[in-house]
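# Examination of the molecular architecture
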Amino acid sequence: MDVKIEPSWKAVLSQEFNKPYFKNLTDFVRVEYATQSCFPMKSRVFAAFDECPFKDVKVVIIGQDPYHGPGQANGLCFSVNDGIPFPPSLINIFREIEADLKQPIPKTGNLNRWARQGVLLLNATLTVRQGQAASHQGKGWETFTDAVIEEISNQTKDVVFLLWGGFAKKKGAKIDRNKHLVLESGHPSPLSANKGHWFGNKHFSKTNEYLVSKGENSIDW
């Protein structure tokens, strides 16, 4: 199947694109976008890959679903388009960065600046129907993104995986921890963060320390 995705990812994932589940998934997504209001816009479904080529991946952050409100989702997990108010989880991410690295909260919640530095911002499910969280779960996206994580784990080394919350931890179960750094904490959503499961995890400084120790540039969070 001809999928419009960044060429290095196309090569790595070519076998997935030809599997029956992926055809069923794309058939489902095509009908949903034709008959419902869905996010992100079609051209941004694979934005996480398009903005962070396979060879550049240094950090992987795993989210769950795209935001389902108008104008929010831009194809990168936890990220919103320029000018959109920060959702609660993103506010808490920025608050932890502020505390961890002593840098101010940014003006925009668009995280493409992270993607360009080698941060793969991967949602487990890449599409959603407006106003209906989890509406595209169980249709095949999870199988696809499991394959993405497995390929990164198998074909690369010294990648930092940031697993926030129970869902992301399960998603990262097959990562080879002898080759990669896996950092886990609670989710940045207020429900988890306010119970003490998020703040103080220092994942951003720990990520940079590890990357530098491996001869890589740190991330400008």
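Notes on the structure follow. In this text the structure is predicted, and so the values were computed from the model without any measurement.

## Things to note about the packing of aromatic side chains
A complete count under the given rule lists 19 aromatic pairs for this structure. With 4.8 Å between their ring centres and 80 degrees between their planes, Trp164 and Trp198 make a pair best called edge-to-face. Of the two residues, Trp164 is situated in strand 5 (residues 160-164) and Trp198 in the loop between helix 9 (190-193) and helix 10 (203-213); the sequence distance between them amounts to 34 residues. Overall, Trp164 belongs to the buried group, its relative accessible area being 2%. Joined through ring pairs, the aromatic side chains of Trp9, Phe17, Tyr21, Phe22, Phe46, Phe49, Phe54, Trp141 and Phe144 make up one cluster.

## Digging into helix 3 (residues 20-35)
With 16 residues, helix 3 should reach 22 Å at 1.5 Å per residue; the first-to-last C-alpha distance of 23 Å fits that figure. Three or more residues of helix 3 are buried, namely Tyr21, Phe22, Leu25, Thr26, Val29, Glu32 and Tyr33. With its buried residues spanning 130 degrees around the axis, helix 3 presents them on a single face. Across from the buried face of helix 3, at angles greater than 90 degrees, the exposed residues are Pro20, Asn24, Arg30, Val31, Ala34 and Thr35. Buried residues along helix 3 sit against helix 2 (14-17), strand 1 (38-39), strand 4 (128-129) and helix 7 (141-155).

Conventions used here
- Residues numbered from 1 in each chain as written.
- Predicted model: local features only at pLDDT ≥ 70, side-chain atom pairs only at ≥ 80, totals over all residues.
- Heavy atoms only, no water.
- Phe/Tyr/Trp six-rings, centres within 6.5 Å; stacked < 30°, edge-to-face > 60°.
- Helix = DSSP H or I, 4+ residues; strand = E, 2+ residues; numbered from the N terminus.
- Buried < 20%, exposed > 50% of the residue type's maximum accessible area, 1.4 Å probe, protein only.
- Expected span 1.5 Å × (residues − 1).
- Arc of directions from axis to C-beta.
- Contact = heavy atoms within 4.5 Å.

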